Amino acid sequence: MKVVIPDSLMGEIQELQDTFGSVTGQAIVLTDQAGNVVTRPTLFGIFYQKMFNSLQGMDRPFEPALLRIGPLSHPAVLEEWVPGLKYVVSPLVPDYGQTYYLWSGLYMEEGTRELVLQAFEAKMRNHPYYEMLRAEVTAMPELSREGIGKIRRKLSALGNILSKLLAGCVLKPLEQRRDLVISQLLSNLEKEFLKIEVVLQQMAGAFSDAELYAFAQEEEAGQFTVKYCAGKEANLLMDAGFQQGDGFLGQAVLGREPRHWQGIAKDPRSIFFSQRGMTQPECLSCYPVQIHSGKKALLLAIAFGATRQIQDFAQHEQNVAALLGVSGRGERLMQREALRNEATQRLKEAARLLPQAVSTQELGNGVLDMIMGMPFSPSSVLVFFEELTGGTHYAKGWRQEEIAPYIRDLQTRYSSQAFLSSAIIHDETGGQALLECPLITDQVFKGILSVGFRRRSEAEEWLSFTDCLASLASTSIRLIEKDSRHTKQAEVLLDHTLQYLHTRNPELHRLCSEAASMAYELARYTGLPEREAEQMRTAGLLAPFKLDVLLRYGFYPEEISLLKQVDQFASFYFTMNKPSVSVSAQLLALVLHHIGQSADKELLADTDPQWLDPSRFSLDEYVARELHSEPRTSFQSFLRSRSAAQPERSGISAAKLLNSTALKTPKEEWGISPREEEVLELIILGKTNREIASTLFISEHTVKNHLSRIFHKMDVTDRSQIIALVYKRMFDSERIETS
C-alpha cells in the first residue's frame, strides 16, 4: 500500500530530521521500502554532498542496498562503501503495512583511521575532489563505543518519533492504535496543529498516576513562565515563574535529556510548589521541548502520590514532548500557509496582468505593485532593465542616493555575457538580504528583480515565489519585444502602402490623410482614450484599401475590425435589424462620409481594383442618417468647434503658417525651447504623436512631455486650441500689416 505523507507533516518530519542531524553530526535521509528518497538529505560538508550527488541520477538509489540486506526488524550497521566508515539503516514500521528506512552515518570507530584512509585512497584516488574529500575524512572524529551508543540512542528516538508521525498519515479505527493519547495527538497534528492546553488535558485524563501536567516556556533569556496547566491544582501553578539553573525546574532546562525526581516532598528545593499553596509533589518529571523560536520549554509531569512508576510513563511523555516541539511550530506553519495561499493568489493575478503590459515602464511599475502587495512585506524592491542606453530602473523602498551605486554593482556582477540563470541571495552591508532574480528571455539577460528582506531566512522562504514572479516578468518582456517588432513591421507596411497610394491615386491619398487627422481629433474631442484615437487615425489611413488585402498581412486587427463594421453598416438599407456597430466605428463612418463629400470623383476613378476601393468615402446619405443620434450630434458639435477654431484654414497652407512673421514673436513670448518649437511646427503640420516621434527620433513618451509643456506655456488644453491661437495671431498680424 502506497501512503502519501501530507504536506503538513512533511515539513515537520524534515525539520525533526535536520535537528537530529545537527545534534548528532550525522548525514540522515528517509526512504520508503522501495528505496525512493522521501526527505531531503541532511548533509554537512562537501564529503556528504558529493556522495549524495552521485546518487541523484539514479532511480531508487537505495534499492540495491535494501535488496542485499533483505527485510529488517532491527537497525543494521553497514560499511559497504569504505571499510571502517559505518552507517546505520533503521526500519520504521508505522503499523499499516508500509515500511520506511532511516539512513544515518557515517561514523568511524576508535583505532580505524589508518584503515579507513587506506581504503579511501584505493577507491577515490582518481576522484576530482579527492584532496578535499580526504581532508574531510581525515578530520572526521573517531568515536568510542559509548559515543556511538549515544548517537544510536538519539537516532533511535528520532526513529520512534517519525514512526509515530508516519502512523498518523492514514485513517484507522482508534481501537487499533496502541496508544490512544498519542494517536489522538497525531490525528490533531495531521488536521492542523497541536493546541498545548488540549494536549495537557488529554494527558491528565489518560495518565492517572501523574495528576498534573504543565508547560513552561522561556519568556526572556533564562526566565521561564508556566503558560498552560491541566489537572489537580492547575490553577495554583498557572503563571508561576522560575529561573534557569534554580531548583528542580531550573536545573531541568539546562540539559537536553529528561530529568526525573522521586520522593521530593522532603527536599527543600520543592519550596517552589509550597510557596504557591500547592500540595508537595512526590514525583516530578521534566522533558525538554525545542520549539520553533529557538527558545526552550519544559513539559512537566507531577504526581502527588508515591505510587507513580516513572519508567512506565517516561517513553510516552517523551514522545508527547517531541510532538509538542512540533506543535509549537504548528500555528506559525498555519499562518505561513495562509500567507502562501495569499501569495499564490497574487501570482495568479500577476500571470493575468503582467503579460498585458505594453512597455517596460508599465511592466516595471506593475512588478513593483505586485511585489509590494505580497504578504511577506519586503523592505525594498528594484526592477532593473538592461538597455543600450545604460538601463532603466523602477524602485520602492530605496533612498535615491543608494540606487546608482547598487545598479553599478549589478552591472559589474551581471551582463548579457555573464549572468546567473537562477536567483541568488546577496547580503548587503546594511543588514538586509537582497534576493536577486535575473530576468532572462531566450537565454539573453534582460535585467534583475531585486527584493530586499530584513532577514536572510525570509529571503530563503520566499525565494520560489519571487523567482516565479521574475519568470512572469521575463515572459512579459518577451511579449513586449515581440509586440515592438510587430509594431515596427506594421508601420513599415503602412508607410509602403501609403507611398503606393500616393503614386497611384493622389486624390485618394489626400482623402485618407485628412480622414485620419479628423478621426483622431474627433476621438479626442468625444473623450475616447488615446489608444482608441490612434486606432481611428490608422483606420482612416487604411480606409482606401480592400479588407482581403489588409487581412493578408495580419497587422492592425483592431483597425481592420473598425473598417469591417463600417462596411457592415454601409450595406444596411431596409433590413429589419441594424448591425451592431461600436461608437468608434460610427464616428469613423461619419468622418469618411464627411471627407468623401469633397472628393474629386474623376480623380477617384483611376483606382487599382485589386488593391483599392474608394467606396468607404461615399457612404449613402440615408445610411449616414441611420447612425445613432448621439454620435451624429457629437460629430456636428465637433465640426462647429473645428470651424470656429480654424477659420478659413483650407485657404492657408501649413508652410505659410510656419513662415508667418507673426509666429516668431509669440514663440519668444511663450518661452518655447528649440526642441519644443520643432514639436510645435509638426503639430501645425497635423502630425500625430507617433509621426512626431519618428521625425525627431524620440519616444512617444518624450513627445507627450513636450506637448504638456507647450500646452502649459501657451495656456491651452489641446492641439486644436494651439492651431486656433496661432491662426488668430497670424490674422491679427496680417490686419496690422495691411492697415
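Here we summarise the structure given alongside this text.

Criteria and cut-off values
Residues numbered from 1 in each chain as written. Predicted model: local features only at pLDDT ≥ 70, side-chain atom pairs only at ≥ 80, totals over all residues. Heavy atoms only, no water. Buried < 20%, exposed > 50% of the residue type's maximum accessible area, 1.4 Å probe, protein only. Helix = DSSP H or I, 4+ residues; strand = E, 2+ residues; numbered from the N terminus. Pairing = 2+ DSSP bridges. Salt bridge = Lys/Arg side-chain N within 4 Å of Asp/Glu carboxyl O. Phe/Tyr/Trp six-rings, centres within 6.5 Å; stacked < 30°, edge-to-face > 60°. Axes fitted to C-alpha atoms, helices over the stretch in contact; angles between N-to-C directions.

## Focus: the pairing of strand 10 (residues 283-290)
Most of strand 10 is tucked away: seven of the eight residues are buried. Two strands pair when backbone bridges link them, and strand 10 and strand 11 (residues 296-303) are joined in this way by eight bridges, in the antiparallel orientation. Bridging from a neighbouring strand, leucine 284 pairs with isoleucine 302 of strand 11.

## What to know about the pattern of salt bridges
Inspection of every chain in the model, using the stated rule, returns 16 salt bridges. One network of salt bridges, with partners in common, ties together Arg399, Glu401 and Glu402.

## What to know about the packing of aromatic side chains
Counted under the stated rule, the structure contains 11 aromatic pairs. Relative to tryptophan 261, the ring of phenylalanine 248 has its centre 5.0 Å away and its plane inclined at 65°; by these criteria the two rings are edge-to-face. Remark: tryptophan 261 occurs in strand 9 (residues 259-262) and phenylalanine 248 occurs in helix 10 (residues 247-252); sequence separation between them is 13 residues. By the burial criterion, phenylalanine 248 is buried, and tryptophan 261 matches it.

## A few points about the sheet that holds strand 12 (residues 380-385)
Pairing between the strands of a sheet is mediated by backbone hydrogen bonds and can be parallel or antiparallel. Spatially, the five strands line up as an open sheet ordered 13-12-16-15-14, and their pairing is antiparallel. Strands with a single pairing partner mark the edges of an open sheet, and in this sheet they are strand 13 (392-396) and strand 14 (424-427). The sheet shows a mean angle of 20° between the axes of neighbouring strands, taken without regard to direction. Where strand 14 and strand 15 (residues 433-441) come together, four bridges link them in antiparallel fashion.

## Re the sheet that holds strand 9
Here six strands make up an open sheet; going across it, the order is 8-7-6-11-10-9 and the pairing antiparallel. Each end of this open sheet is capped by a strand with a single partner; those strands are strand 8 (241-243) and strand 9. Ignoring which end each strand starts from, the neighbouring axes of this sheet average 25° apart. Bridge analysis of strand 6 (residues 212-220) against strand 11 gives six bridges, and the strand direction is antiparallel. Counterpart to tyrosine 213 in the pairing with strand 11 is alanine 301.

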